[in-house]
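# Observations on the three-dimensional arrangement
As a plain string of letters, each chain reads:
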Amino acid sequence: LLNRDKMSCVVLLIVVFAVGSQCQIPPKQPSNSTMRHILLTDGPKRFGAMCLDGSPPAYYHRAGVGSGSKSFLLFFEGGGWCCPEPGPTCIVGGSCVARSKSSLGSTKDDKPTMVPGYQGGWSLSASQEYNPRFYNWNMAYLRYCDGASFTGNVAGPVNVNGTTLHYRGYHIVQSVLTHLKEQMGMDSATEVIVSGCSAGGLAAYAHCQPITTWIKKHIGQSVRVTCWPDAGFFINVKSQEGNPVVEDYFRNVFKYQNSTSGLNNSLRVVQFWLQ
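Residues numbered from 1 in each chain as written. Predicted model: local features only at pLDDT ≥ 70, side-chain atom pairs only at ≥ 80, totals over all residues. Heavy atoms only, no water.

## Overview of the side chain of Glu 77
The following threshold applies: A run of H or I in DSSP counts as a helix once it spans at least four residues, and a run of E counts as a strand once it spans at least two, with each numbered from the N terminus. Here a polar contact means two N or O atoms within 3.5 Å. Within protein one must be a hydrogen donor candidate and the other an acceptor candidate, and residues neighboring in sequence count only if both atoms are side-chain atoms. Throughout, a residue-residue contact means that at least one pair of heavy atoms, one from each residue, lies within 4.5 Å.
By the secondary structure assignment, Glu 77 is in the loop between strand 4 (71-76) and helix 2 (96-99). Within polar-contact distance, the side chain of Glu 77 engages the side chain of Tyr 141 at 3.5 Å. Once you skip the residues sitting within four places of it in the chain, Glu 77 turns out to touch Gln 119, Tyr 141, Leu 142, Arg 143, Tyr 144, Phe 150 and Gly 200.

If you want it as structure tokens, here you go:
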């Protein structure tokens, strides 16, 4: 867990055996685990927040009850990354053009409700039996649609072989946080956990400090913020042929999406081997 209350730079990596990984299929969910779709229609104009195809950002929400009414769990959806154009270093997720026409690059075809499944199904469950720590918390499942772990920060639209793309993932986070504060009661939060799986786990690492700073500034210094990434640390290893495919891949993603400009030093967990 990464506790950012004192804004320290210490990263503690823990293997959790008791509760298991969040990136696995949970038991059958009770009916009250259902989460409601929230489309942030003001996101593009107010924050410049957009998916790859220009559609508004979105998240799925379930209100907390009882002792969990002032506690929030923010979960970043994962799903690999995308490359500006297909090529030999585009190893995970395909091109951003192709992704912009799918659910990982657009919210146009989102369903009105969602039951937590493979990603976050345990920690987002409303089952007190399987999720005794968080079952009654406020839950927000951030839809992943920028292709760069919510780090994209290119000012204007980009034309890629005739397709217009928007690299604005960093601003999606700002849009979601503001909506939770203004409309979903997070202005009175006492505890917030930032989590995610795979590419969403990387987002939890990358946004840990920025989200903590935002919460301390806009909600209160006393709010306890903890970051809980799952399967979000990716090792820089070469291929069997000795090629730096992982390094080249992430370098391209970060370069074309201008990822480092919005997150600054919080991306060092990934950047350290890109120097």
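Moving on from the coordinates now.
## Description of helix 3 (residues 169-183)
To keep it simple, the criterion reads: Helix span is expected to be 1.5 Å times the residue number reduced by one. With a 1.4 Å probe rolled over the protein chains alone, any residue whose accessible area is under 20% of its type maximum counts as buried; one over 50% counts as exposed, and the rest are partly exposed.
With 15 residues, helix 3 ought to run about 21 Å at 1.5 Å a step, and its terminal C-alpha atoms sit 21 Å apart, in line with that. With 12 of its 15 residues buried, helix 3 lies for the most part within the structure. Listed as buried for helix 3 are Gly 169, Tyr 170, His 171, Ile 172, Val 173, Gln 174, Ser 175, Val 176, Leu 177, Thr 178, His 179 and Leu 180. One or two residues past the end of helix 3 sits Gly 185, with phi positive at roughly 85°.

## Focus on the environment of Leu 180
Its location among the elements puts Leu 180 in helix 3. Taking relative accessible area as the criterion, Leu 180 reaches 0% and is therefore assigned buried. Through-space distance from the C-alpha of Leu 180 to that of Asn 138 is 9.9 Å; in sequence the pair is 42 residues apart. Each residue touching Leu 180, except ones within four places of it in the same chain, is listed here: Tyr 59, His 61, Leu 74, Ala 140, Gly 185 and Met 186.

## Description of the pairing of strand 2 (residues 35-39)
Heads up, the rule is: Two strands pair if DSSP finds at least two bridges between them.
The pairing of strand 2 with strand 5 (residues 113-114) spans 2 bridges and is antiparallel. By the bridge assignment, Arg 36 is partnered in strand 5 with Thr 113. As judged from the 4 bridges shared by strand 2 and strand 3 (residues 58-62), these two strands associate in the antiparallel manner. Each bridged residue has a counterpart across the sheet, and for Arg 36 the counterpart in strand 3 is His 61.

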